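What follows is each chain in one-letter form.
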Amino acid sequence: MTPNWVETFGQGIRLLKEYIATNGNSWVPERLVIDDFNLGGWVNDKRVVYKLKTSGKMGPGTKQIRQKQIDELENINKWVWNIELEKLEIVLEALMEYY
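This one's a predicted model, so the numbers in the text were calculated from it and none came from an experiment. Counting from 1, residues in each chain are numbered in the order their sequence is written. Owing to the predicted nature of the model, reporting of local features is limited to residues with pLDDT of at least 70; listing and counting of side-chain atom pairs is limited to 80 or more, with chain, interface and lining totals taken over all residues. Here the side-chain values reflect all heavy atoms present in the structure, with hydrogen atoms and water set aside.

(A) The nonpolar core, seen in detail. With 19 residues, the main nonpolar core has Leu 16, Leu 39, Trp 42 and Leu 73 as its most contacted residues. Each helix is a run of DSSP H or I of at least 4 residues and each strand a run of E of at least 2, with the numbering of both proceeding from the N terminus. For this core, the elements supplying multiple residues, two or more each, are α1 (4–23), α2 (39–54) and α3 (67–74). Top element by residues in this core is α1. It accounts for 6 residues. The contact partners of Leu 39, leaving out residues within four places of it in the chain, are Gly 12, Leu 15, Leu 16, Tyr 19, Val 28, Leu 32, Val 33 and Ile 34. Nonpolar cores were defined as sets of buried Ala, Val, Leu, Ile, Met, Phe, Trp, Tyr and Cys residues, with membership established by side-chain atoms within 4.5 Å. Partly exposed residues are those whose accessible area sits between 20% and 50% of the maximum for their type, while under 20% is buried and over 50% is exposed, using a 1.4 Å probe and protein chains only. It only takes one pair of heavy atoms within 4.5 Å for two residues to be counted as in contact.

(B) Spotlight on a nonpolar patch on the surface. On the surface, Leu 85, Leu 88, Val 91, Leu 92, Leu 95, Tyr 98 and Tyr 99 cluster together into a nonpolar patch covering about 800 Å² of accessible area. Along the chain, Tyr 98 falls in helix α4 (residues 83–98). Residues with no salt bridge and a relative accessible area higher than 30% make up the patches, which join like charges within 9 Å and nonpolar side chains (Val, Leu, Ile, Met, Phe, Trp, Tyr) within 5 Å. Accessibility throughout is a Shrake-Rupley quantity obtained with a 1.4 Å probe, and a residue counts as covered only by protein chains that appear here. Here, a salt bridge means any side-chain nitrogen of Lys or Arg that lies within 4 Å of a carboxyl oxygen of Asp or Glu.

(C) Structural context of unusual backbone geometry. One non-glycine residue with positive phi stands out, namely Asp 36, at about 60°. One can find Asp 36 in the loop between α1 and α2. By relative accessible area, Asp 36 is classed as exposed at 80%. The phi dihedral of Lys 78 is positive, around 75°, even though this residue is not glycine. You can see Lys 78 is positioned in the loop between α3 and α4.

As structure tokens, then:
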């Protein structure tokens, strides 16, 4: 029997890929629900847990993210961990082109 988190992760990956194919980015609104799956919350959760992990702030009761999950997300074209940084880079590139 497959653990529930594996099925949930697989569903999240599938819906995320569909979202990116439709929208051209991984900026999933936090409250977006698709097919009774809270994709926005799922994506936000992955980003928050990743940030905690990479900053060394994971506590014993903190949700975990496995390296395999990190790798799977990073292999998705147009996936970003930090939306705000990506938006800033887009604005800076536009400014550089303008000036």
